[in-house]
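A structural walkthrough
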Amino acid sequence: MPRKKIDLPYQVEYLSILDEKGELDEKLDPNISDEYLLKLHRAMLLGRTFDARLLNLQRQGRIGTFAPITGQEASQLGAVSALRPSDWFVPSFRETAAELWRGRTMESVILAFGGFSEGAKSEEKLNNLPVAVPVASQVLHAVGIGWAIKYRQKDDVVMTFFGDGGTSEGDFHEGMNFAAVYQVPVIFVCQNNQWAISVPRSKQTHSKTLAQKALAYDMPGIQVDGNDVLAVYVAATEAVERARSGGGPTMIECVTYRMMMHTTADDPKRYRTEEEVEAWKKRDPLPRFQKYLKDKNLLTEENINGLEQEIKDEIQTAVENAEEQMKAGGDPLDMFEHAYAELPPNLIAQREELKQELAAMKEESNG
Amino acid sequence: MAKMTMVQALNLALKQEMEKDESVIVLGEDVGLDGGVFRVTDGLIDQFGDQRSLDTPLAESGIVGMSIGMAVYGLRPVCEIQFSGFSYLNFHQIESHAARLRWRSQGQLHVPMVLRTPYGGGVRALEHHSESREVFYAHIPGLKMVIPSGPRNARALLVSAIRDPDPVIFFEGKAIYRAFREEVPEEEETMSIGKSQVITKGKDITMISYGAMMRPTLEAAVELEQKDGIEAEVIDLLSISPLDDQLFIQSVNKTGRAMVIHEAPRSFGPGAEIVSRIMEKAFYFLEAPISRVTGFDVTIPLFSREMAYLPGVQRIVSAARKTLST
C-alpha cells in the first residue's frame with residue numbers, strides 16, 4: 001500500500017473537575033483530604049494576597065520590577081502540591097506562589113525584587129532551582145536533574161514550569177525530546193496564560209493545543225483547566241506517579257490567564273481588551289475553589305476573612321524584615337562573593353580597588 | 001528640528017527608512033502591536049501593517065535565523081532582540097551564519113541585516129537586563145558593532161546600519177533611551193559606521209568611551225576642567241567594530257595620556273583592544289600608563305549594588321587624576 005494512515009496510539013485529553021461556577025463533577029472528585037484542601041486554599045490565598053502587596057510595594061518604588069502571578073494560583077499550586085519535598089522544582093519566573101509552597105520565604109522574594117542578591121539565599125537546603133528569566137532555558141536543567149535521578153536510581157521526580165511563549169523556544173523542544181529519549185522522571189508544566197507580553201496564544205503557535213506538542217515526542221500530553229485546582233492536582237499526581245514508577249515524562253498544559261501585566265514595566269491596555277480580562281475574571285480559580293470548600297463545610301466566609309487577616313499580618317512581618325535589611329543596605333563589596341569557589345587574584349585586586357574607591361568617596365562626602 | 005529622546009530618534013530612523021524602501025522589515029518579540037517594550041517601534045504597525053512590523057513567536061534564534069534568510073533573499077530585516085541578555089540564544093545564528101555567509105558563498109550571498117538590542121545597566125532592572133557584552137559581537141569577523149551615545153547619532157547610525165551591505169549589531173543603551181533630548185533634523189542624516197568623533201578638544205588627557213558611558217565621561221571631563229583646570233579630549237567611538245583608531249591615536253600623540261571608560265567587564269573588554277592599539281601606534285608618545293575604568297570582572301550585581309559596579313563620574317575623575325599625576 002503506497003499511502004495509509006499511521007495509527008498513533010494517543011490523543012490529547014482535556015480535564016476539568018470543578019467548573020467556573022464551582023460545580024463539581026462528582027465522578028472525578030479526587031477526594032483529597034480536608035487538611036490538604038485547606039492547605040491548598042491557604043496557599044492560593046497567600047499567593048494572591050502577596051502578589052497584591054508586591055504590586056503595591058512596586059508602585060511605591062519600594063521594590064523594582066516583578067512578574068505578577070494573580071489568576072495562576074491554581075495552575076501552579078495544583079501542580080507543585082503533587083510533589084514531595086525531596087522532588088525537584090525548576091521554575092521560570094512567574095511561579096511565586098509555587099516557590100512559597102516549596103519553602104522559599106516571602107522575605108527572600110521581596111529582597112530579590114528589591115534588587116538584593118541576598119534574596120537567593122535559603123537557610124535550609126531545598127530541592128529548588130532559582131528563578132530562570134531567559135525563557136524556557138530552565139527546561140533542559142530539569143531534564144538533566146531527571147537523568148541524574150535515574151542514574152542514581154532514586155525515586156524522586158522533577159517538575160519544571162514554563163509558559164505558552166516558552167513552547168516556541170528551541171530549549172523547550174530540546175528538553176522535551178531529551179526527556180522522552182531518556183525516559184526521565186520529568187513533569188513539564190506549561191502555564192498557558194494566553195499572553196507572552198503582547199503576543200496572544202493564537203499567534204504564538206498554530207497548534208490547537210500546547211499539550212499536543214508532547215505527541216511529537218511520544219510523551220503523554222494532557223490539557224487541563226488551569227483555573228481548576230482539583231483538575232491540575234489530579235493531572236499532576238498522575239504524571240508524578242507515572243514518572244516515579246519509571247513511566248517517563250509527561251507534559252501538562254494548564255489553561256489559565258495572566259490577570260495582570262507581564263511585569264510591572266508593561267501596560268497590557270495597549271494590546272488586549274478589558275472585555276477579555278473581565279471574561280476571564282469570571283473563571284477566577286479562587287472563588288470557585290472557595291465555593292467547593294464551603295459546600296463541603298470546610299470553610300465559611302468568616303474563616304476566609306480571618307485567614308486573610310492572618311495572611312496580611314504574615315506578609316506585613318515579611319515586608320518589615322526585608323525592608324529592614326534593605327535599609328541597612330548591602331555591602332557593595334559583596335558583588336565579588338560567589339563569583340567562584342575561590343576568588344582569583346585579579347578579582348581580589350579589583351575588590352581591593354573598589355574598597356579603596358568607596359573609602360575615598362566616603363571621605364570626600366564627609367569632608 | 002525637533003527635540004527628541006533616543007527612543008523617538010530611533011523610531012524616526014525606522015519610519016523614514018521603511019517609507020523609502022519597502023524591503024525594510026522590522027521583526028521581533030512585541031515589536032508590532034505593543035510597539036516594542038521600550039516603544040522604539042511604536043506606531044510602525046499602524047503605518048506599515050503587520051507584515052512589515054512583524055510580531056514573532058518567542059524565540060531569539062528563530063528571529064535571527066529567519067532574518068538571515070530574509071536578507072539573503074534581498075530584504076532588509078531590522079530585528080529586535082528584546083534585551084541583549086537574551087541574545088545568547090541567537091548567538092550561533094550570528095556567529096555561524098550572519099557573519100560568514102558572504103565569505104562562505106565567496107561573495108555570492110550577503111546578509112544586510114541589523115540586530116537592534118538594548119544593553120547596559122543603570123535602570124534598576126531584573127537579572128539579564130543590565131549587562132554590556134559588546135565584545136562578544138565585536139570579536140566576530142564579518143560583523144559590524146555600533147553603539148550610539150545619544151538621539152542624533154543614534155538616528156543617523158541606524159539609517160546607515162540599515163543601508164549597510166553587511167550585518168550590523170546595534171546596541172542601544174537603556175540608560176540613555178529617555179535620559180535626555182537632542183535636536184534631531186527631520187531631513188535625512190547618516191553617519192559612517194567605523195568612524196569615531198572628538199566631542200571635546202583638549203591637550204592634557206584623552207578619554208575614550210562610547211554608548212551610555214559617554215554621559216559620566218563628559219561630566220567627569222567638565223569636573224576635571226572646573227576643579228583641576230585639566231583639558232580632556234573626549235572621544236566617542238560610536239563603532240566598536242570596525243574600530244576607528246585614527247582619532248584616538250592622533251589625540252594620544254598630542255596628550256600623551258589616555259584612559260578608556262566602559263561598563264563591560266575589564267578583562268578582554270573593549271578597552272583591551274583600544275589600549276593595544278595605543279601601545280602599537282603611540283607608544284613613544286605615552287607619558288603615563290593607560291588606565292581603564294570599567295565594570296568589574298563579575299556578573300553585574302542586582303540593582304541595589306549596580307551603581308557601585310558601573311563606572312561613575314567620581315571613579316572616572318579619580319582615575320584621570322591618577323593618570324595625570326604620573
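Quick notes on the rules
The residue numbering used here restarts from 1 in each chain and proceeds along that chain's sequence as written. Chain letters and ligand numbers both follow the written order, the letters beginning at A and the numbers at 1. Where totals are concerned, whole chains, interfaces and linings use all residues; where local detail is concerned, this predicted model gives features only for residues with pLDDT of at least 70, and gives and counts side-chain atom pairs only at 80 or more. Helical segments are the DSSP runs of H or I of at least four residues, strand segments are the runs of E of at least two, and each set is numbered from the N terminus. Restricting the calculation to C-alpha atoms gives the radius of gyration, and the globule rule supplies 2.2 Å times the number of residues raised to the power 0.38. Any residue surrounded by 20 or more other C-beta atoms within 10 Å of its C-beta is treated as buried, while 12 or fewer makes it exposed and the intermediate range makes it partly exposed; C-beta atoms here are placed from the backbone. Contacts here follow a simple rule: the backbone-placed C-beta atoms of the two residues must lie within 7 Å. Two strands pair if DSSP finds at least two bridges between them. A fitted line through C-alpha atoms serves as each axis, taken over the contacting stretch for helices, and the angle formed by two N-to-C directions is quoted from 0 to 180°. Residue ranges labeled as domains rest on an automatic or database domain assignment. Only Asp, Glu, Lys and Arg are considered charged in this grouping, and only Ala, Val, Leu, Ile, Met, Phe, Trp, Tyr, Cys and Pro are considered nonpolar; every other residue, Gly among them, is considered polar. Put simply, angles under 35 degrees are roughly parallel, angles over 145 are roughly antiparallel, angles from 65 to 115 are roughly perpendicular, and the rest are oblique. Each helix crossing is assigned a hand: it is left-handed if the near helix lies turned anticlockwise from the far helix by less than a right angle, otherwise right-handed if that turn is clockwise. Expected helix span is taken as 1.5 Å per residue step, with the number of steps being one fewer than the number of residues. Throughout, the arc means the angular range of directions from the helix axis out to the C-beta atoms. If you view a crossover with the strands going away from you and the path from the first strand over the helix to the second runs clockwise, you call it right-handed.

Moving on: the overall build of chain B. For chain B, the count of helices and strands is twelve helices and 14 strands. For 326 residues, the compact-globule estimate of 2.2 N^0.38 gives 20 Å, and chain B sits close to it at 19 Å. Taken along the three principal axes of its C-alpha coordinates, chain B extends 60 × 40 × 40 Å. Counting all 326 residues of chain B, 58% fall into the buried class. Within chain B, contacts between residues at least 6 apart in sequence are counted, and of these 80% link residues at least 24 apart.

On to the overall build of chain A. Within chain A, the secondary structure is distributed over twelve helices and eight strands. In terms of C-alpha radius of gyration, chain A reaches 22 Å, essentially the compact-globule figure of 21 Å for 367 residues. Counting only C-alpha atoms and orienting by the principal axes, one finds that chain A spans roughly 85 × 55 × 45 Å. Across the 367 residues in chain A, those meeting the buried criterion constitute 45%.

In a beta sheet, neighbouring strands are held together by backbone hydrogen bonds and run either parallel or antiparallel to one another. Residues and elements named next belong to chain A. Pairing is parallel in the open sheet, where six strands are placed in the order β1-β7-β8-β4-β3-β2. The open sheet has two edge strands with one neighbour each: β1 (13-15) and β2 (88-90). The average undirected angle you get between the axes of adjacent strands in this sheet is 20°. Looking at chain direction, β1 and strand β7 (residues 221-225) are connected through three bridges and run parallel. Residue pairing across strands places Tyr 14 opposite Gln 223, the latter belonging to β7. Of the strands in this sheet, β1, β4 (186-192), β7 and β8 (250-255) touch helix α8 (residues 229-244), which is tilted by about 170° from β8.

Residue and element names in this part refer to chain B. Under the domain assignment used here, chain B contains domain 1 (2-184) and domain 2 (197-324). The C-alpha-based centres of domain 1 and domain 2 are spaced at 26 Å. Tallying the contact residues gives 26 residues for domain 1 and 22 residues for domain 2. Among the secondary structure elements, those contributing two or more residues to the side of domain 1 that touches domain 2 are α6 (134-138), β6 (144-146), α7 (151-163) and β7 (168-173). In terms of residue class, the side of domain 1 that touches domain 2 is built from twelve nonpolar, eight polar and six charged.

A separate point is the sheet that holds strand β2 (residues 24-28) of chain B. Residues and elements named next belong to chain B. Strand order in this open sheet of seven strands is β3-β2-β4-β5-β7-β6-β12, and the pairing throughout is mixed. Edge strands, defined here as strands with exactly one partner in the open sheet, are β3 (53-55) and β12 (239-241). Across the sheet, the mean angle from the axis of one strand to that of its neighbour is 20°, orientation sign disregarded. Here six bridges tie strand β5 (residues 114-119) to β7, and the two strands are oriented parallel to one another. Bridge assignment links Arg 116 to a residue of β7, and that residue is Phe 170.

A word on the domain arrangement of chain A. Domain annotation for chain A reports domain 1 (13-328) and domain 2 (332-366). A C-alpha centroid distance of 39 Å is found between domain 1 of chain A and domain 2 of chain A.

Residues and elements named next belong to chain A. The N-to-C vectors of helix α5 (residues 138-151) and helix α6 (residues 170-182) enclose an angle of 15°; their axes lie 8 Å apart at closest approach. Of the possible angle classes, the one that applies to α5 and α6 is roughly parallel. Between α5 and α6 the crossing geometry is left-handed. In contact with Val 139, Leu 140, Ala 142, Val 143, Gly 146 and Trp 147 of α5, α6 contributes Asp 171, Phe 172, Glu 174, Gly 175, Phe 178, Ala 179 and Tyr 182. Class assignment for the residues of the contact of α5 with α6 results in nine nonpolar, two polar and two charged.

Turning next to the pairing of strand β14 (residues 291-295) of chain B. Residue and element names in this part refer to chain B. Counting buried residues in β14 gives five out of five residues, a clear majority hidden from the surface. Note that strand β13 (residues 258-265) and β14 share five bridges and pair parallel. Across the sheet, the residue bridging to Val 260 is Arg 292, located in β14.

Each partner contributes to the interface: chain A provides 35 residues, whereas chain B provides 30 residues. Looking at the side of chain A that touches chain B, the elements that each hand over two or more residues are α7 (201-204) and α12 (345-366) of chain A. The element best represented in the side of chain A that touches chain B is α12(A), accounting for seven residues. Per-class residue counts for the side of chain A that touches chain B are 16 nonpolar, 15 polar and four charged.

Omega for the peptide link from Ser241(B) to Pro242(B) comes to 0°, which places this bond in the cis form. By the element assignment, Pro242(B) lies in the loop between β12 and α9 (246-255). The backbone of Asn297(A) shows a phi angle near 60°, a positive value even though the residue is not glycine. Along the chain, Asn297(A) falls in the loop between α10 (285-295) and α11 (301-328). In this structure, Phe268(B) is a non-glycine residue whose phi angle is positive, near 60°. Along the polypeptide, Phe268(B) turns up in the loop between β13 and α10 (270-282).

Attention now moves to helix α3 (residues 60-73) of chain B. Residue and element names in this part refer to chain B. In this model α3 runs 20 Å from its N-terminal to its C-terminal C-alpha over 14 residues, within 8% of the 20 Å that 1.5 Å per residue would give. Among the residues of α3, those classed as buried are Glu 60, Ile 63, Val 64, Ser 67, Ile 68, Met 70 and Ala 71. Mapping the buried residues of α3 onto a view down its axis gives an arc of 165°, with all of them on the same face. Taken from the residues just after α3, Gly 74 is the one with a positive phi, measuring 120°.

Turning next to α11(A). Over its 28 residues, α11(A) extends 41 Å from the first C-alpha to the last, a length consistent with the 40 Å expected when each residue adds 1.5 Å. Of the residues flanking the end of α11(A), it is Gly329(A), one or two places downstream, whose phi is positive at about 75°.

What follows covers the environment of Val234(A). Residue and element names in this part refer to chain A. You can see Val 234 is positioned in helix α8. Spatially, the C-alpha atoms of Val 234 and Ala 132 are 26 Å apart, while their sequence positions differ by 102 residues. Beyond its immediate stretch of four places on either side in the chain, Val 234 contacts Leu 15, Ile 17 and Pro 30.

The next point concerns the pairing of β7(B). Residues and elements named next belong to chain B. With six of six residues buried, β7 lies mostly within the body of the structure. Note that β6 and β7 share three bridges and pair parallel. Along β7, the bridge assignment pairs Met 145 with Ile 169. Handedness of the β-α-β unit built from β6, α7 and β7 comes out right-handed.

For any two helices packed against each other, the geometry is given by the interaxial angle and the distance between the axes. All names here are of chain A. Their axes nearest at 8 Å, the elements helix α4 (residues 106-113) and α11 cross at an angle of 45°. Taken as axis vectors, α4 and α11 run oblique relative to one another. The handedness of the crossing between α4 and α11 comes out as right-handed. Touching Met 106, Glu 107, Ile 110 and Leu 111 of α4 are Ile 315, Ala 318, Val 319, Asn 321, Ala 322, Gln 325 and Met 326, all from α11.

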